[in-house]
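# Geometric and topological summary
Read off the chains here:
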Amino acid sequence: MDAVHFSAAHPEGLLAIATSLVFFFVFLVRLKGSAMGGIRSSLVDLPVVGMLPSILLNLHRVHDWAAKVLEDRGCTTWVRGPWLSGMVYLFTSDPAVAKYVTSTRYKNFVRGTRFREILEPVGNSILASDFNESWRVRRRLTLDLMHQPEFQHSHRRTTHRLVEGKLLPFLADLARQGDAVDMQDVLQRFTFDLVCSTFFGVDLGSLSADFPTVPFARAVSDAEEVIVVRFALPPAWWKLMRWLRIGPERKMAAAMRVIDEFIYQHIASKKAELCKDGRRTDNKTQVGEDGAAVDLLRGFIDHQSAGEAKGRTFESDRSLRDTMVEMVVAGWHTTSVSISWLYWLVATHPSVEARILEELASVVRADGGDGGRHPGYTVFDVDELHGCVYLDAVIHETLRLFAPLPLNPFCAVEKDVLPTGEVVKPGTIILLDLYAVGRMEKNWGKDAGEFKPERWITEEGKLIEENSYKFAAFGSGPKMCLGRRVGLAVTKAVAASAIYNFRFNVAEGHRPLPSSSVVLHMKNGLMGSLRERFPR
Ligand code: HEM
């Protein structure tokens with residue numbers, strides 16, 4: 001078969017060859033770049049391949065690079081892939097555009113099929129859905145369940161129990177051993193156990209002395225990495241790789257298998273447990289004996305069992321699976337990376353640390369405590385921390401600089417004109433760069449890049465409520481994060497308890513860098529050592 005016939009019969013083969021050539025080109029340039037002591041951060045539009053080489057060259061530091069490009073280009077820019085690839089994105093960090101897209105004209109800017117395909121691991125979830133009836137009902141149901149006093153009470157108790165019984169003793173052991181520790185890993189393991197306890201009612205013990213590999217946790221992280229690659233490549237390219245089961249798509253297939261196995265197994269065992277207990281009597285979430293047994297999965301299963309009456313929100317285990325994967329994906333890493341970046345920022349800003357400690361000490365004193373000089377550790381519940389405005393400011397400042405979900409994608413349904421004057425055609429992809437929104441001088445002033453919790457506090461000592469287009473970490477409009485309250489509560493309670501009891505010294509020369517994943521992990525971890533503040 002000659003080349004012409006081969007390409008006609010196997011267009012996917014041609015694409016594979018083209019992909020290899022671009023990767024080879026990028027490899028050569030990066031090699032040259034590193035030999036020259038660095039790579040360029042400009043966005044170059046080349047004939048045929050468009051801006052793809054620029055993107056791939058900067059993929060390893062994509063969020064900082066995109067923020068720089070946006071700052072230089074007035075907060076909005078077009079990004080074009082290879083000719084005929086269908087890859088045309090409008091990148092923006094402009095709050096006016098965010099408001100227009102997520103609120104003013106929200107019905108015209110949806111996730112769309114393209115992103116549902118990219119976000120395949122979460123299936124037909126709330127996050128990936130558009131404004132249809134199923135999305136509305138599921139979102140309402142999830143919010144209702146999370147706002148139930150029983151759930152909130154249980155969530156607070158579970159957090160307290162795990163912080164007191166697992167996290168603090170674990171940190172104490174690490175402090176005693178004095179070895180180097182990756183705090184990001186520790187916090188990731190802890191929040192995983194917390195999320196599984198809260199959502200599934202099971203503690204998987206990922207935070208334990210032997211640092212076990214938890215396949216489900218690994219699979220979620222792998223899937224997140226591959227999602228970023230899918231964003232960066234023309235759709236036909238990653239679909240071809242998926243079809244051939246090569247490269248990142250091979251990893252995705254393996255991750256999906258593990259995720260499915262985990263979730264379906266837990267749905268089945270929860271159903272069996274509920275039937276055995278004979279507790280599934282109505283569609284109300286119930287409190288277990290110790291007040292800690294309320295979990296979201298139980299609430300959803302109860303709802304599923306009420307099927308017809310409730311509009312069949314979870315007509316199948318598949319839709320239950322999608323929602324549970326989404327809850328883990330949306331709730332786990334977002335919270336763990338918030339606490340990790342906060343921990344690093346606090347450890348490297350001694351004056352901020354001192355103010356937090358002062359604020360927490362006043363809570364302990366008001367509670368009749370002795371500032372840690374007692375046998376147990378001091379554990380803070382979120383209810384006790386209401387008056388800690390400075391800690392709130394630190395959390396907001398952390399989320400401003402390190403938005404845990406750095407990119408928020410939308411797709412235009414009809415032709416539209418954005419407040420910047422950009423004309424978007426049907427099908428145009430708009431990427432709200434939440435990481436960049438928090439770093440633009442235009443949005444935050446000349447000191448946008450600095451960590452200054454004070455910027456969040458009024459002269460009267462109150463927390464400044466910024467609008468959700470400018471402080472964009474939780475998104476905005478009807479699809480705004482529905483776990484905001486839970487995420488903030490966990491971040492505050494865990495950070496307060498850990499910081500109050502332990503000092504973290506960042507390893508010399510270590511600077512965590514944002515990974516290129518859909519979640520803003522630290523790609524090189526958070527290395528350092530721990531010291532007890534109140535040695536026992
Ligand atoms: C610090 C922690 C968190 C951050 C920064 C965060 C951020 C976000 C962002 C940026 C979105 C997209 C919003 C949009 O499209 O405009 C989102 C959506 C969502 N989040 Fe969160 N999240 C956090 C914690 C949580 C938690 C703990 C849960 C679950 C309990 C959760 C559940 C969801 C869900 C279900 C959606 C989809 C909402 C929809 O599309 O209607 N999130 N989150």
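Just so you know, these numbers come straight off a predicted model, no measurement behind them.

Quick notes on the rules
Residues numbered from 1 in each chain as written. Predicted model: local features only at pLDDT ≥ 70, side-chain atom pairs only at ≥ 80, totals over all residues. Heavy atoms only, no water. Salt bridge = Lys/Arg side-chain N within 4 Å of Asp/Glu carboxyl O. Helix = DSSP H or I, 4+ residues; strand = E, 2+ residues; numbered from the N terminus. Buried < 20%, exposed > 50% of the residue type's maximum accessible area, 1.4 Å probe, protein only. pLDDT = per-residue confidence, 0-100. Contact = heavy atoms within 4.5 Å. Donors = N, O, S within 2.8 Å, 3.2 Å for Na, K, Ca; no water. Patch = residues over 30% accessible without salt bridge, like charges linked within 9 Å, V, L, I, M, F, W, Y side chains within 5 Å. Areas by Shrake-Rupley, 256 points an atom, 1.4 Å probe, with all protein chains shown as cover. Phe/Tyr/Trp six-rings, centres within 6.5 Å; stacked < 30°, edge-to-face > 60°. Lys NZ or Arg CZ within 6 Å of the ring centre and 35° of its normal. Pairing = 2+ DSSP bridges. Near = heavy atom within 4 Å. Polar contact = N/O pair within 3.5 Å; in protein donor to acceptor, adjacent residues only side chain to side chain. Nonpolar A, V, L, I, M, F, W, Y, C, P; charged D, E, K, R; others polar.

With that settled, the discussion passes to the pattern of salt bridges. In this structure the tally under the stated criterion is 36 salt bridges. Between arginine 176 and aspartate 173 there is a salt bridge, with its nearest N and O atoms 2.8 Å apart. One end of the pair is arginine 176 and the other is aspartate 173, both in helix H8 (residues 149–177) and three residues apart, which spans about a single turn. Overall, arginine 176 belongs to the exposed group, its relative accessible area being 57%. For aspartate 173, a relative accessible area of 37% translates into the label partly exposed. A salt bridge links glutamate 353 to arginine 503, with the nearest nitrogen and oxygen atoms 2.7 Å apart. Here the residue glutamate 353 occupies a position in helix H15 (residues 350–366), and arginine 503 occupies one in strand E9 (residues 502–506), the gap between them amounting to 150 residues.

When pLDDT is averaged along the chain, the result is 85, and 86% of the positions lie at 70 or above. Ignoring residues within four places in sequence, the model shows residues 1–39, a span with pLDDT below 50, making 28 contacts including any to other chains. Counting interchain partners and residues more than four positions distant, the pLDDT-below-50 stretch residues 280–293 has 35 contacts. Among the scores for the predicted complex, ipTM is 0.98 and pTM is 0.87.

A separate point is the coordination of the iron atom of the ligand. Only one protein atom coordinates the iron atom of the ligand: Cys481 (SG), located 2.3 Å from the metal. Inspection of the secondary structure assignment puts cysteine 481 in the loop between helix H18 (441–444) and helix H19 (484–501).

It is worth spelling out a nonpolar patch on the surface at this point. On the surface, a cluster of nonpolar side chains totalling about 440 Å² of accessible area is made up of Val48, Trp83 and Leu84. Its location among the elements puts tryptophan 83 in the loop between strand E1 (76–80) and strand E2 (88–92).

Turning to the environment of glutamine 188, a few remarks are in order. By the secondary structure assignment, glutamine 188 is in helix H9 (residues 183–199). The sequence separation of glutamine 188 and leucine 207 amounts to 19 residues, and the corresponding C-alpha distance is 8.7 Å. Contact partners of glutamine 188, with chain neighbours within four places excluded, come to Trp332, His333, Ser336 and His521.

Turning our attention to unusual backbone geometry. One non-glycine residue with positive phi stands out, namely phenylalanine 211, at about 45°. Looking at where phenylalanine 211 falls in the secondary structure, it is placed in the loop between H9 and helix H10 (215–232). A residue is classified by how much of its surface remains accessible, and phenylalanine 211, at 28% relative accessible area, is partly exposed. One non-glycine residue, arginine 245, lies in positive phi territory at about 55°. For arginine 245, a relative accessible area of 49% corresponds to the partly exposed category.

What follows covers the packing of aromatic side chains. Inspection of the entire model under this criterion finds 18 aromatic pairs. Arranged with centres 3.9 Å apart and planes meeting at 5°, the rings of tryptophan 341 and phenylalanine 402 form a pair that is stacked. Placement of the pair is tryptophan 341 in helix H14 (residues 317–347) and phenylalanine 402 in the loop between helix H16 (389–401) and strand E5 (407–412), with a sequence separation of 61 residues. We classify phenylalanine 402 as buried; its relative accessible area is 6%. On the basis of an interplanar angle of 45° and a centroid distance of 5.7 Å, the ring pair of tryptophan 444 and tryptophan 456 is categorised as tilted. Within this pair, whereas tryptophan 444 is found in helix H18, its partner tryptophan 456 is found in the loop between H18 and H19, the two being separated by 12 residues in sequence. The pair tryptophan 444 / tryptophan 456 is uniform in exposure class, with both members buried. The ring of phenylalanine 474 carries arginine 484 above its face, with NZ or CZ at 5.3 Å from the centroid.

The next point concerns the pairing of E2. Among the five residues in E2, four count as buried, and that is most of the element. The pairing of E1 with E2 spans five bridges and is antiparallel. In the strand pairing of E2, threonine 77 is matched with phenylalanine 91. In this sheet, strand E8 (residues 429–433) lies alongside E2 in parallel orientation, the contact comprising four bridges. Its bridge partner lying in E8, phenylalanine 91 is registered against leucine 431.

Now for the site of the ligand. Around the ligand, the surrounding shell holds 25 residues, and the nearest of these are Arg111, Trp135, Arg139, Lys479 and Cys481. Separating an oxygen atom of the ligand from a side-chain N or O atom of asparagine 408 is a distance of 3.0 Å. Breaking the shell around the ligand down by element, the ones donating at least two residues are helix H7 (133–147) and H14. Taken together, the residues of the shell around the ligand sort by class into 14 nonpolar, seven polar and four charged.

Quick look at the environment of proline 215 now. As for its placement among the helices and strands, proline 215 is situated in helix H10. Between the C-alpha atoms of proline 215 and glycine 178, which are 37 residues apart in sequence, the distance is 28 Å.

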